[in-house]
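Notes for the structure review
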Amino acid sequence: MPRLSFETPVGRVTLFEEDGAIAALDWGGKNRSRGTSSRLLLEGKRQIAAYFAGKRRDFELPLEPRGSKTDRAIWQAMAEIPFGQTRTYGDIAKELSVSARAVGQACARNPIPILLPCHRVVGAADLGGFSAPGGVEWKSRLLRHEGALLL
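First, a word on what this report is: a plain description of the structure on this page.

Calculation rules
Residue indices begin from 1 for each chain and proceed along its sequence in written order. Residue-level local features of this predicted model are given only where pLDDT is at least 70; pairs of side-chain atoms are given and counted only at 80 or more, and the full residue set underlies all totals for whole chains, interfaces and linings. Note that water and hydrogens are dropped before the side-chain values are worked out from all heavy atoms of the structure. Remark: exposure states derive from per-residue accessible area (1.4 Å probe, protein chains only) relative to the maximum for the residue type, with buried under 20%, exposed over 50%, and partly exposed in between. To qualify as a helix, a DSSP run of H or I must reach at least 4 residues; to qualify as a strand, a run of E must reach at least 2; elements of each kind are numbered from the N terminus. Only strands joined by at least two bridges in the DSSP assignment are considered to pair. Between N-to-C directions, angles cover 0 to 180 degrees, with each direction set by a line fitted to C-alpha atoms, over the stretch in contact for helices. Reported orientations rely on four angle classes, namely roughly parallel under 35 degrees, roughly antiparallel over 145, roughly perpendicular from 65 to 115, and oblique for the rest. Throughout, a crossing is termed right-handed when the near helix is turned clockwise from the far one, and left-handed when it is turned anticlockwise from it by less than a right angle. Any two residues whose heavy atoms approach within 4.5 Å are treated as being in contact. Amino acids outside the nonpolar list (Ala, Val, Leu, Ile, Met, Phe, Trp, Tyr, Cys, Pro) and the charged list (Asp, Glu, Lys, Arg) are all regarded as polar, and Gly is one of them.

Judged by how many residues are buried, strand 3 (residues 21-27) sits mostly within the fold: six of seven residues are covered. Where strand 2 (residues 11-18) lies against strand 3, six bridges are found, and the strand directions are antiparallel. Counted as the bridge partner of Phe 16 is Ala 24 from strand 3. As consecutive antiparallel partners, strand 2 and strand 3 are separated by two residues, and within that stretch Asp 19 has a phi angle of approximately 55°, a positive value.

Right, dumping it as structure tokens:
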């Protein structure tokens, strides 16, 4: 599976491609720069760099996350949250007629964080959780970067 590792302001990430689409983004961890890269992965790196440089708000990449039908519906709802805005777990749950817990679990299983912006999904009273090694601190950094969190 083609992959590409690179540094970002929130740490090292590795993008994985499968069948011509981005299938996963892993946080930090081991050096995973071995393996083949591709034009798509290089474009993903370029778009992520532009996002962190404040030059891009949306990603134009083919994404193919693997998950249940419910997970994919929740991830699609996350993908529709505009840059700089948030929705609560409850907002998405109500929209899709699922439980807020199901939304939280789908966020935790999101295989393509940043590109599928689970960081834009927050609790009604707090930020909720986040899958990155830095946890909620990294979530708050991403939200501050987007101007959605002014703390």
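Attention now moves to the packing of helix 2 (residues 69-79) against helix 3 (residues 89-96). Two elements in contact, helix 2 and helix 3, have axes separated by 11 Å at closest approach and are oriented at 120°. Classed by the angle they form, the pair helix 2 and helix 3 counts as oblique. Relative to helix 3, helix 2 is oriented so that their crossing is right-handed. Across the interface between the two elements, Ala 73, Ile 74, Ala 77 and Met 78 from helix 2 touch Ile 92, Glu 95 and Leu 96 from helix 3. Within the contact of helix 2 with helix 3, the residues separate by chemical class into six nonpolar, no polar and one charged.

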